[in-house]
Amino acid sequence: MLIIFASRTGNVRRFVNKAAELSVLGLRTCELPEILSFQQAHLVTYTDPMGAIPPMVKSFLEQHHRKILSVSGSGNRNWGRDFAAAVDKIHQQYGIPINLKFELSGTLNEIQTFIDYINNKSEPIETNLRILKFQTDSCATCATVAGALDNYGIPYRDINPFDHPDLAAQYRVRSVPTVIVIEGEREILRMVGYKPEIIEQIHGLIKTGIQP
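Residues numbered from 1 in each chain as written. Predicted model: local features only at pLDDT ≥ 70, side-chain atom pairs only at ≥ 80, totals over all residues. Heavy atoms only, no water.

Some points on the sheet that holds strand β1 (residues 2-5)
Right, on to step 1. Taken together, the 5 strands give an open sheet; going across it, the order is β2-β1-β3-β4-β5, and neighbouring strands pair in parallel fashion. Of all strands in the sheet, those with a lone pairing partner are β2 (28-31) and β5 (98-103), marking the two edges. Here the strands of the sheet are splayed against their neighbours by 20 degrees on average, with no regard to which way each runs.
Right, on to step 2. The pairing of strand β3 (residues 41-45) with strand β4 (residues 68-75) spans 5 bridges and is parallel. Bridge assignment links His42 to a residue of β4, and that residue is Ser70. (Pairing = 2+ DSSP bridges. Helix = DSSP H or I, 4+ residues; strand = E, 2+ residues; numbered from the N terminus. Axes fitted to C-alpha atoms, helices over the stretch in contact; angles between N-to-C directions.)

Below is the structure:
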């Protein structure tokens, strides 16, 4: 399988090279603006300022978007809502499925998640747990939390506490973002703010069914 990528600072290049090194399927790579002849490929990109799609990526997609199986992207969480925003825009404009959004050159866990998706090993998560994410549209950290949950395929319900003050009161939500994991009628886990280790704990909870 071919990985086509664009890298400005070297973060995407390091991510892709590590994925190719770790994959047992022998991933091939091609860095834009070079384009190899191909039938299908996965795309990895960076994001330009203001959350824009890089021009050379946009030019490439105008000709080849129908052959792209997924899009992933690097970003900086300090950018808030613009974190890896090119991935979202490519998904919206071209209908390409999102594989992964990762920070800088990615962690080993993120690289493995990327590889598993390409290897068709990722499966939809089914759970009897309910995950509520209290957020507002103007909250940059809320967007970061959403991206992290989405990267792990964690299903959740978005709730704006200003639109649903009754639910905010019921669950004692005093700030956003707040993520609450509920089993039946019992709260089993809560995250206030963005804590990557708690996101991983939620993912593990859903995958294994082990309660904290």
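Here's the deal with the side chain of Asp48
Right, on to step 1. Position of Asp48 among the secondary structure elements: in the loop between β3 and α2 (55-64).
Right, on to step 2. By relative accessible area, Asp48 is classed as buried at 15%.
Right, on to step 3. Residues in contact with Asp48, not counting those within four places in the same chain, are Arg8, Ile53, Pro54, Pro55 and Trp79. (Buried < 20%, exposed > 50% of the residue type's maximum accessible area, 1.4 Å probe, protein only. Contact = heavy atoms within 4.5 Å.)

Digging into helix α4 (residues 108-118)
One full turn of an α-helix is made of 3.6 residues, so residues set three or four places apart face in the same direction.
Right, on to step 1. Taken together, the buried positions of α4 are occupied by Glu110, Ile111, Phe114, Ile115 and Ile118. Each buried residue of α4 lies within a common arc of 140 degrees when the element is viewed along its axis, so the set occupies one face.
Right, on to step 2. Turning to α4, the residues buried within the fold contact β1, α1 (11-22), β3, β4 and β5. (Arc of directions from axis to C-beta.)

A few points about the nonpolar core
Right, on to step 1. Formed by 34 residues in total, the largest nonpolar core has its most connected members in Ile4, Leu43, Val44, Leu61, Ile90 and Phe114.
Right, on to step 2. Contributing elements (two or more residues each) for this core: β1, α1, β3, α2, β4, α3 (85-94), β5 and α4.
Right, on to step 3. What Ile4 contacts, discounting residues up to four positions off in sequence, is Cys30, Leu32, Phe38, Ala41, His42, Leu43, Val44 and Phe60.
Right, on to step 4. Membership of the second largest hydrophobic core comes to 16 residues, among which are Ile154, Ile188, Ile199 and Ile206. (Core = buried A, V, L, I, M, F, W, Y, C linked by side-chain atoms within 4.5 Å.)

A word on the state of the cysteines
Right, on to step 1. Taken as a whole, this structure holds 1 disulfide when the rule is applied.
Right, on to step 2. Each sulfur in the disulfide pair Cys139 and Cys142 lies 2.3 Å from the other. Its S-S torsion of approximately 90 degrees makes the covalent link between Cys139 and Cys142 right-handed. Each member of the pair, Cys139 as well as Cys142, is classed as buried. (Disulfide = S-S within 2.5 Å.)

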